[in-house]
Amino acid sequence: MAFNLKHLLAFLLWAPLAFAQTDLRIFTPANAVLCSLLIIGWEGGVGPFQLSVFDGTTGLLLEDLGTQTGDEGNAFFSSYHWTVNVEPLGFPVDGLGVLQVADSAGASVQSGAFGINFGSSTPNTSCVDGV
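Please read all numbers here as calculations on a predicted model, not as lab measurements.

Peer 1: How do you make sense of the sheet that holds strand 3 (residues 37-43) when you look at a structure like this?
Peer 2: Strand pairing in a sheet takes place through backbone hydrogen bonds and is either antiparallel or parallel in direction. Ordered by their spatial adjacency, 3 strands build an open sheet running 1-3-6, and the pairing between neighbours is antiparallel. Either end of the sheet is taken by a strand with one partner, and the two such strands are strand 1 (25-26) and strand 6 (77-83). Of the strand pairs in this sheet, strand 1 and strand 3 are connected by 2 bridges, and their pairing is antiparallel. Across the sheet, the residue bridging to isoleucine 26 is tryptophan 42, located in strand 3.

Peer 1: What exactly am I supposed to notice about the nonpolar core here?
Peer 2: One broad rule of soluble globular proteins: the nonpolar side chains tend to lie buried together. Judged by nonpolar contacts, the single largest core of 22 residues is most densely connected at Leu38, Ile40, Trp42, Trp82, Val84, Val101 and Ile116. Secondary-structure elements contributing two or more residues to this core are strand 3, strand 4 (49-55), strand 5 (61-68), strand 7 (95-103) and strand 9 (114-117).

Peer 1: Can you walk me through the state of the cysteines in this structure?
Peer 2: Here a disulfide denotes one covalent bond, and it connects the sulfur atoms of two cysteines. Tallying each qualifying case throughout the model produces 1 disulfide. Each sulfur in the disulfide pair cysteine 35 and cysteine 127 lies 2.1 Å from the other. A torsion of -95 degrees about the S-S bond marks the disulfide between cysteine 35 and cysteine 127 as left-handed. Taken together, the residues span a long stretch of sequence, with cysteine 35 in the loop between strand 2 (31-33) and strand 3 and cysteine 127 in the segment after strand 9 at a distance of 92 residues. Using a relative accessible area of 16% as the deciding quantity, one classes cysteine 35 as buried. Looking at cysteine 127, the relative accessible area reads 22%, which means it is partly exposed.

Peer 1: Honestly, the pattern of salt bridges in this entry has me stumped. Any pointers?
Peer 2: Two side chains bearing opposite charge may form a pair once their charged atoms approach each other closely. Enumeration over the complete set of coordinates arrives at 1 salt bridge. For the salt bridge of arginine 25 with glutamate 43, the shortest nitrogen-to-oxygen distance reads 2.1 Å. One end of the pair, arginine 25, is in strand 1; the other, glutamate 43, is in strand 3, and 18 residues separate them in sequence.

Peer 1: Got a minute to help me understand the pairing of strand 5 in this structure?
Peer 2: The side chains of a regular strand alternate, residue by residue, between the two faces of the sheet. Two elements, strand 4 and strand 5, share 6 bridges in a ladder whose sense is antiparallel. Its bridge partner being in strand 5, leucine 51 is matched across the sheet by glycine 66. Where strand 4 folds back on strand 5, the antiparallel hairpin that results is connected by 5 residues, among which glycine 59 adopts a positive phi of roughly 85 degrees.

Peer 1: What am I meant to see in the environment of serine 36 here?
Peer 2: Structurally, serine 36 is set in the loop between strand 2 and strand 3. Sequence separation between serine 36 and threonine 83 is 47 residues, and the spatial gap between their C-alpha atoms is 5.3 Å. Once residues within four sequence positions are removed from consideration, serine 36 is found in contact with Trp82, Thr83 and Val84.

Cut-offs used in this document
- Residues numbered from 1 in each chain as written.
- Predicted model: local features only at pLDDT ≥ 70, side-chain atom pairs only at ≥ 80, totals over all residues.
- Heavy atoms only, no water.
- Pairing = 2+ DSSP bridges.
- Helix = DSSP H or I, 4+ residues; strand = E, 2+ residues; numbered from the N terminus.
- Core = buried A, V, L, I, M, F, W, Y, C linked by side-chain atoms within 4.5 Å.
- Buried < 20%, exposed > 50% of the residue type's maximum accessible area, 1.4 Å probe, protein only.
- Disulfide = S-S within 2.5 Å.
- Salt bridge = Lys/Arg side-chain N within 4 Å of Asp/Glu carboxyl O.
- Contact = heavy atoms within 4.5 Å.

Function cannot be read off these values alone, since they describe shape.
See the structure below:
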């Protein structure tokens, strides 16, 4: 097979783009405590990203966390710091949440279910509207 400069140049131009985009993944938190900070982490995809929190039992949207640009300067890992301000739908008992991230290329993934806990028998609900 003869050396073809055109094919080599095409590879050199397109290879960085192919390797820059990885599959979109979101990490499942071990636990979330009402009115406490939770770091939501994801990797891959094409920004900007849309973050959402759903009830893990009913699938209803609990919180739209809006559009996030991802971490500047880190092409492979992004995070968002969220104060857990949604009560589980089973209030006053602990419930389950599911995170979703969607990217600007149309990919969307969900985390596994994670606990949304009150943290104590007298929980802090100061961050939740109407409680």
